[in-house]
Amino acid sequence: MSVSLLYVVGARPNFVKAVPVIDAVCARSEVVQCVVHTGQHYDSALSANVLEDLGLPKPDRFLGVGSGTHADQTGRTLIAVERALLEEQPKIVVVSGDVNATLGGALAAAKVGIPVAHIESGLRSRDRTMPEEINRLLTDQLADLLFVHSEDAVENLRREGVADEQIHFVGNTMIDSLRRFELRALERAAWTRFSLRPEEFVLVTLHRPSNVDDEDRLAAIADELADLASRAPVVFPIHPRTRARLDDTGLLGRLEAAGVACLEPLGYIDFLSLETAAGAVLTDSGGIQEEASALGIRCFTLRPNTERPVTLTLGTNRLLGDDPASIRQVMPGPRGAAAEIPGWDGHAGERAADILLAALVDDGTVR
Ligand code: UD1
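Residues numbered from 1 in each chain as written. Predicted model: local features only at pLDDT ≥ 70, side-chain atom pairs only at ≥ 80, totals over all residues. Heavy atoms only, no water.

K.L.:
Talk me through the side chain of Asn135; I want residue IDs and the actual numbers.
P.N.:
Mapped onto the secondary structure, Asn135 falls in helix H5 (residues 131-142). Asn135 sits in the buried class, given a relative accessible area of 4%. A polar contact of 3.3 Å, which involves the side chain of Asn135, links it to the backbone oxygen of Val99. With residues near it in sequence (within four places) discarded, Asn135 still touches Asp98, Val99, Asn100 and Leu103. (Helix = DSSP H or I, 4+ residues; strand = E, 2+ residues; numbered from the N terminus. Buried < 20%, exposed > 50% of the residue type's maximum accessible area, 1.4 Å probe, protein only. Polar contact = N/O pair within 3.5 Å; in protein donor to acceptor, adjacent residues only side chain to side chain. Contact = heavy atoms within 4.5 Å.)

K.L.:
Pulling in residues and values, what's your account of a negative patch on the surface?
P.N.:
A surface patch of like charges, here negative, comprises Asp214, Glu215, Asp216, Asp247, Asp248 and Glu256. Mapped by element, the contributors of at least two residues to the negative patch are helix H10 (215-229) and helix H11 (240-248). One can find Glu256 in helix H12 (residues 251-257). Judged by its relative accessible area of 44%, Glu256 is partly exposed. (Patch = residues over 30% accessible without salt bridge, like charges linked within 9 Å, V, L, I, M, F, W, Y side chains within 5 Å. Areas by Shrake-Rupley, 256 points an atom, 1.4 Å probe, with all protein chains shown as cover. Salt bridge = Lys/Arg side-chain N within 4 Å of Asp/Glu carboxyl O. Lys, Arg positive; Asp, Glu negative; His and termini not counted. Charge placed at Lys NZ, Arg CZ, Asp CG, Glu CD.)

K.L.:
Can you explain the sheet that holds strand E4 (residues 92-96)? Please cite residues and give values.
P.N.:
Here seven strands make up an open sheet; going across it, the order is E3-E2-E1-E4-E5-E6-E7 and the pairing parallel. The open sheet has two free edges, formed respectively by strand E3 (61-62) and strand E7 (167-169), since each of these has just one partner strand. By the bridge criterion, four bridges tie E4 to strand E5 (residues 116-119) in an arrangement that is parallel. Residue pairing for E5: Val95 is matched across the bridge by His118. (Pairing = 2+ DSSP bridges.)

K.L.:
Talk me through the pattern of salt bridges; I want residue IDs and the actual numbers.
P.N.:
Using the criterion set out here, one finds 31 salt bridges in the structure. We note a salt bridge from Glu224 to Arg328, for which the minimum N-O separation is 2.7 Å. One end of the pair, Glu224, is in helix H10; the other, Arg328, is in the loop between strand E13 (317-319) and helix H16 (348-361), and 104 residues separate them in sequence. Since its relative accessible area comes to 51%, Arg328 is described here as exposed. Among the ionic pairs, Arg351 bridges to Asp345, the shortest N-O distance being 2.7 Å. On the basis of relative accessible area, Arg351 is assigned to the partly exposed category, the value being 27%. Look at Asp345 and you get partly exposed, because its relative accessible area is 37%. Via salt bridges that share partners, Lys17, Asp98, Glu120, Glu133, Arg136, Glu290, Arg303, Glu307 and Arg308 belong to a single interconnected network.

Just distances and angles here, no functional claims.
Structure, rendered in structure tokens:
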């Protein structure tokens, strides 16, 4: 049987967003699905471990694109995905989020005339210095089916001229994964491994180029993290790009000497486990702003803007801005009520699956 739905995934957050849709399609229909992993993330900590936790241990194809400059990585993705598409001839290509694999997958599909569905459409930071913002803008221009998870996203797309019939409010598939694995994460009690007490520690993740690529800025952030560690236990699973910068600059030793628990990146369930018990999260990630809101954990975002404003208005997120000294505002505290955000109910993947399957019945004519 020929492939109906082909998913292009490449980086950690893609896996978490795509799996609920893949599973929901599988539960409803026998259409053939194919998962193509571009290889943007290749360390087992960022890729294999996460996929295994999500129950998707082996993608159907692995393209081995790897790291590089944006042009390098996106260009290699485009070439490799096109080859896979010509061989598999899927009816619809599904991409998610805003990473380079998302844009590479959408562009390859659009160029060979295959309709594109985009999970998590319409988010805008209005900050074009973020590579992700470029990926979001272009992917949404290429997509035929745009799956959104917040009202602001609908408005953004309308303003950019996307037709209403193409916009589908399905909700947040990343929160589907969270709801599905939350209990397992709690039971795992990963915090006990680091002798941490629930609600008393701060969980830190930082990997954006704007925070970690400039040495002076990274040094200022490291100083603030060291200071934070004098007020509360700090646990910091470190993304490879951040670790490389901290290593090169000798800042890793400074953090360790200050008592910051510097960890390797964690698998999905282990990370979620720490997140469910954290007293606060300090991050520059997009997905973690959403997860913290859905869990009722206070979130401090070290960025001047967010493409996820609903986490500020209805969730637990607070923008710290650009100044590393703002980290002094971070304090752990008791977990609050989970934010009630429309469509963040654990069933977004099912709604997306229904739309995809309906589009396939229409013979892939999705416009
Ligand atoms: C990418 C996404 C970002 C997302 C993040 C999630 C883009 C533009 N950025 O950022 O939006 O929040 O994934 O984690 O797509 N590296 C490794 N091993 C790996 C992967 C990366 O060591 O498995 C190192 C390499 O030095 C690489 C660097 O990290 O050059 C950056 O990796 P890349 O995938 O380009 O971007 P991320 O920072 O992970």
